[in-house]
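As a plain string of letters, each chain reads:
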Amino acid sequence: MRMGRPPKRRRDAKHSQQTQTANKPKFASPTLVVGQISPDVVSSILGPAITDLAVQSVEDYADAVLAYEHVNQFTAAEKGEEEEEVEVQVEMDLDGNILQQQQQQTSPLPPPPSSQRLFSSQLDIENLTELLTSTSQHFSHTTNSWKVHANAAKFERLLDEKYGRLRPFIESHPNVEIFIKNVQRKYAMGAFSPFRKSDSPPVGKTTSIMILFMMHRNGVRMDALLLAATFFLVGLQPWALVGLVVIGKWEMDRRKRKRIGGMPKKIATVEAYFASALDANLSEEEEVKAKYALLDTPVGTKFNPADLSLRDEEYDVIVLGSGPETLYAAALLARAGKKLVVLSPRDDVSGCVTLGDKNSSVLGKKIPFDIDGMNVAQLSRQQELLAPALCTTTDTQGGIRFSRIGSNLDGYAHSILSVPGLGTDNTSAECIPVVLNATGSLASLAEYCSTCLGDGFPGVDLDGKDNGNSNSLSYLRACNQINAGSADYYLSKLYNAKESNAYQEASVRTASAFLNKCLPLNTHVRSLMAAIGMMNENLCPDKTSMAAHVTNICAMTSEEGVAYPVGGPRAICHALTSVIEQCGGRVVAGVSLQELLFEKLDEKKETKKKTNGEENDPLKGPKPKCKGIRLQNGMDIKVSKDDGSVISMLGFIPTFLNLLPADTRAAHGVPPGLPAISERRPLMKIMVGLKGSKADLNLTGADWYRLPNASLPY
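Residues numbered from 1 in each chain as written. Predicted model: local features only at pLDDT ≥ 70, side-chain atom pairs only at ≥ 80, totals over all residues. Heavy atoms only, no water.

Of regular secondary structure, the protein chain possesses 25 helices and 18 strands. A burial count over the protein chain gives 29% of its 714 residues as buried. Carbon and sulfur atoms make up 56% of the accessible area of the protein chain, which totals about 48300 Å². (Helix = DSSP H or I, 4+ residues; strand = E, 2+ residues; numbered from the N terminus. Buried < 20%, exposed > 50% of the residue type's maximum accessible area, 1.4 Å probe, protein only. Areas by Shrake-Rupley, 256 points an atom, 1.4 Å probe, with all protein chains shown as cover.)

Right, dumping it as structure tokens:
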């Protein structure tokens, strides 16, 4: 016994002396010896069996032929003897006529044996033997060439099944087939699995949860949080994460491109609003005069009480209001395939007031004045919004052009603010006016606050994020960050989205709260920012919405400056009215509105409202649908019953308090928060006409604002 090794297992003598005895196989050759294996199956098994069958078939055929010949000879001899011995016997009738007798039927001869056999002669057996011998030699040859041919045939069949019509391309480009096989092998090994193979994630679970929590606190969208969670916690591969992002982006784009129900596939094309007033034979000066004459005419068709077409027709949409914003909404709906009518209480739907006449000795001609103001800030974005409503066959802006206020010499100055006591110690003293221009708006305003208002100095890198110790620059950039979410906020109001952003939070706060928190010390900077934010609101900071305050500051400090439409708001309104009328709509001016019309609720809805205990709460339960508007003369203008709607652009107070019927308001209430809204303070505008050219007057195109001082916290 060897140390450290187990003893060897030795076989017994019985196992070494045993002989393997096997039974004879079921299908074995007669010449097969048990214990020997013959690879030639054709010659050892199939050949003798087929040869025996062939010999048996030939012998059976020979026996059948001999039997047929014997029967044929015996039948012929028997027939000849009968012809010699038979006597002719006939049968006659009473008249001596011979009756025709039927011939005796003889049994037919048996058919000869068929020669359509596989083996019918010795030659067939010899051919079979030769065929079996060649087949045996082919399959039992040492080179096994038959296997090569069989594999080649199998390969050809697999190529046809696998590639089909692409087989010629694969044969001419073998690298493609190699690439496909490599991809298939990697896929079988799990290389393309969207989940990581390793059990340990790249980032720990605790760290992942902390990262997700910080992303949620910073206002990251929910879809981005879900993608991050699948990457950190589920173990998603980076390429799978990128694929999900691409698929999500494609789905969002597809939903944005999806047409709204009822919208035509192709938007109707229209001509420019001045195309009907021009003639091909007019000269250039005459064309200019024709355009000016068009701008002198009010926008919209004057309402005629005798015209009953408004009452007899049903519209998809009824729009109430005046001004470019009302006509812009109507033009978009008209291009979307809606049949609509615009009803304006004003005699001119554009909102302009025309002073003077042709016989006036002061002005000398009619001049339309813009009452509501039509200064446009951030022009590039406004033109993108106007293009879907104004585009014609030849111009994306429908012939409307904008001119920047100011000139290159004054840095395109557009506004001059005068705030009593700004930059002085006495609020009653006169101040130095503040000029707002488009050349380095934020930087120039921060420099002014630092030089004249005692604010801190801004940073060296004004284009970057270095604000220095300038409170005014920090405040302006904070307003820009809040205003960046304004578009998302207003879209969320349309789609009932529940996500909130900074602009939505600003809409429920006053401007004074924002000013008190950001500018509590420097009263002059506070007064300037309040003046910029409320210059178009005519309200003090404690009554001005922070959203409106932020929007005004971003508009007045935009680097694009402020522009004004060439031809005034009447030009834009004429262009929008032309689009509406060419799409089948109508614009009617001078309409006296009385009240809105509502349909009555079904009895089932009323019963459901009472069973739910909502009869004492008018704000809950189903609301009636507005079906039209009633005019002062008693004419009712209604919308279609299925999907018609009434859009009011008159404001909250005129719509819900003046036009809403008292019984409907008492039964169903008004929107929450409406009682807290009050009418704005009376606003008086004084128009002064100066006679003279631009060169003679030597005046800037900037607007001048006299605003109250808001230096004290509210």
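By the definition in use, this model includes seven aromatic pairs. Centre to centre, the rings of F231 and F232 are 5.4 Å apart; their planes meet at 65 degrees, and the pair counts as edge-to-face. On the basis of relative accessibility, which here comes to 15%, the residue F232 falls in the buried class. Here the aromatic residues Y489, Y490 and Y503 are joined through ring pairs into a cluster of three or more. Above the ring of Y315, the side-chain terminus of K339 is found at 5.7 Å from the ring centroid. (Phe/Tyr/Trp six-rings, centres within 6.5 Å; stacked < 30°, edge-to-face > 60°. Lys NZ or Arg CZ within 6 Å of the ring centre and 35° of its normal.)

Attention now goes to the nonpolar core. Core analysis: the largest hydrophobic core is formed by 39 residues, its most contacted members being L417, L528 and M529. Breaking this core down by element, the ones donating at least two residues are β11 (434-436), α14 (441-452), α15 (471-483), α17 (502-507), α18 (511-518), α19 (523-534) and α20 (546-556). Of all the elements, α20 adds the most residues to this core, at seven residues. Discounting chain neighbours no more than four positions away, the residues touching L417 are P433, V434, L436, L528, I532, M535, Y705 and L707. (Core = buried A, V, L, I, M, F, W, Y, C linked by side-chain atoms within 4.5 Å. Contact = heavy atoms within 4.5 Å.)

The strand order across the open sheet formed by three strands is β14-β15-β16, and the pairing between neighbours is antiparallel. Of all strands in the sheet, those bounded by a partner on one side alone are β14 (593-598) and β16 (636-638). Averaged over all adjacent pairs, the angle separating strand axes in this sheet is 25 degrees, with direction ignored. With five bridges joining them, β14 and strand β15 (residues 626-631) adopt antiparallel strand pairing. (Pairing = 2+ DSSP bridges. Axes fitted to C-alpha atoms, helices over the stretch in contact; angles between N-to-C directions.)

What follows covers helix α7 (residues 205-217). The end-to-end C-alpha distance of α7 is 18 Å, a good match for the 18 Å that 13 residues give at a rise of 1.5 Å each. A positive phi of about 80 degrees marks G219, the residue just after α7. (Expected span 1.5 Å × (residues − 1).)

Burial of strand β4 (residues 317-320) is two-sided: the residues V317 and V319 facing one way and the residues I318 and L320 facing the other way are all buried. Relative to strand β5 (residues 340-344), β4 runs parallel, the two being bridged by four bridges. Paired with V317 across the bridge in β5 is L340. The parallel pair β4 and β5 is bridged by helix α12 (residues 324-335), and the resulting crossover is right-handed. Where β4 meets strand β17 (residues 645-648), four bridges bridge the pair, whose relative direction is parallel. When the bridges of β17 are listed, I318 appears paired with V646. (Right-handed = clockwise from strand over helix to strand, strands pointing away.)

Viewed as axis vectors pointing N to C, α12 and helix α13 (residues 379-390) meet at an angle of 50 degrees, and their least axial separation amounts to 8 Å. Classified by the angle their axes make, α12 and α13 are oblique. Packed against α12, whose contacting residues are Y328, A331, L332 and R335, the element α13 presents L385, L386, P388 and A389 at the interface. Partitioned by chemical class, the residues of the contact of α12 with α13 number seven nonpolar, no polar and one charged. (Parallel < 35°, antiparallel > 145°, perpendicular 65-115°, else oblique. Nonpolar A, V, L, I, M, F, W, Y, C, P; charged D, E, K, R; others polar.)

We now examine the sheet that holds strand β8 (residues 376-377). What links the strands of a sheet is backbone hydrogen bonding, and the strands pair in either a parallel or an antiparallel sense. Ordered by their spatial adjacency, three strands build an open sheet running β8-β12-β9, and the pairing between neighbours is antiparallel. A strand with exactly one partner marks an edge of an open sheet, and here the two such strands are β8 and β9 (402-404). Of the pairings in the sheet, the one linking β9 to strand β12 (residues 562-565) comprises three bridges and is antiparallel in character. The residue of β12 that forms the bridge with R404 is A563.

Attention now goes to helix α10 (residues 284-296). Compared with an ideal rise of 1.5 Å per residue, which puts 13 residues at 18 Å, α10 spans 19 Å between its outermost C-alpha atoms and is within 8% of the ideal. Within the span of α10, buried status applies to A290, L294 and L295. Buried residues along α10 cover an arc of 140 degrees about the axis, so they all sit on one side. More than 90 degrees from the buried face of α10, the exposed residues found are E285, K289 and Y292. At its buried positions, α10 is contacted by α21 (568-582). (Arc of directions from axis to C-beta.)

Within the secondary structure, S640 is located in the loop between β16 and β17. On the basis of relative accessible area, S640 is assigned to the buried category, the value being 16%. Aside from chain neighbours lying at most four places away, what touches S640 is E314, Y315 and D316.

Mapped onto the secondary structure, C431 falls in the loop between β10 (415-418) and β11. Measuring from C-alpha to C-alpha, the distance between C431 and V419 comes to 6.7 Å, with 12 residues separating the pair along the chain. Setting aside anything within four residues of it in sequence, one finds C431 in contact with S418, V419, P420, G421 and L422.

Using the criterion set out here, one finds 16 salt bridges in the structure. A salt bridge links R586 to D307; the shortest N-O distance between them is 3.3 Å. Here R586, found in strand β13 (residues 586-589), pairs with D307, found in the loop between β3 (301-302) and α11 (309-312); they are 279 residues apart in sequence, far enough to count as distant. For D307, a relative accessible area of 30% corresponds to the partly exposed category. One salt-bridge network, in which partners are shared between bridges, spans E156, D160, R167 and E171. (Salt bridge = Lys/Arg side-chain N within 4 Å of Asp/Glu carboxyl O.)

With that settled, the discussion passes to the packing of α14 against α19. If you want to describe how two helices pack, look at the angle between their axes and the distance between the axes. Interaxial distance between α14 and α19 falls to 11 Å at its minimum, and their mutual angle equals 145 degrees. Across from L445, Y448 and C449 in α14, the residues of α19 making contact are V525, L528, M529 and I532. Looking at the contact of α14 with α19 residue by residue, the classes come out as seven nonpolar, no polar and no charged.

Phi angles above zero are rare outside glycine, and Q378 is one such case at about 50 degrees. Relative to the assigned elements, Q378 resides in the loop between β8 and α13. Of note, Y412 is a non-glycine position whose phi angle comes to about 55 degrees, a positive value. Note that Y412 resides in the loop between β9 and β10. Take Y412: its relative accessible area is 24%, and that puts it in the partly exposed class.

It is worth spelling out a nonpolar patch on the surface at this point. Taken together, the side chains of M684, I686, V688, L690, L697 and L699 define a hydrophobic patch exposed on the protein surface, amounting to about 670 Å² of accessible area. Tracing the sequence through the fold places M684 in the loop between α24 (662-668) and α25 (694-697). For M684, a relative accessible area of 68% translates into the label exposed. (Patch = residues over 30% accessible without salt bridge, like charges linked within 9 Å, V, L, I, M, F, W, Y side chains within 5 Å.)

Time to look at the environment of S450. Counting through the fold element by element, S450 comes out in helix α14. In this structure the C-alpha to C-alpha distance between S450 and S472, which are 22 residues apart in sequence, comes to 8.5 Å.

Inspection of the entire model under this criterion finds zero disulfides. The thiol of C391 is unpaired, and the distance to the nearest cysteine sulfur, on C583, comes to 9.6 Å. Here C554 is not disulfide-linked; the sulfur of C479 is the nearest cysteine sulfur, at 5.9 Å. Relative accessible area serves as the criterion here: at 3%, C554 is assigned to the buried category. (Disulfide = S-S within 2.5 Å.)

By themselves, these figures tell us nothing about what the structure is for.
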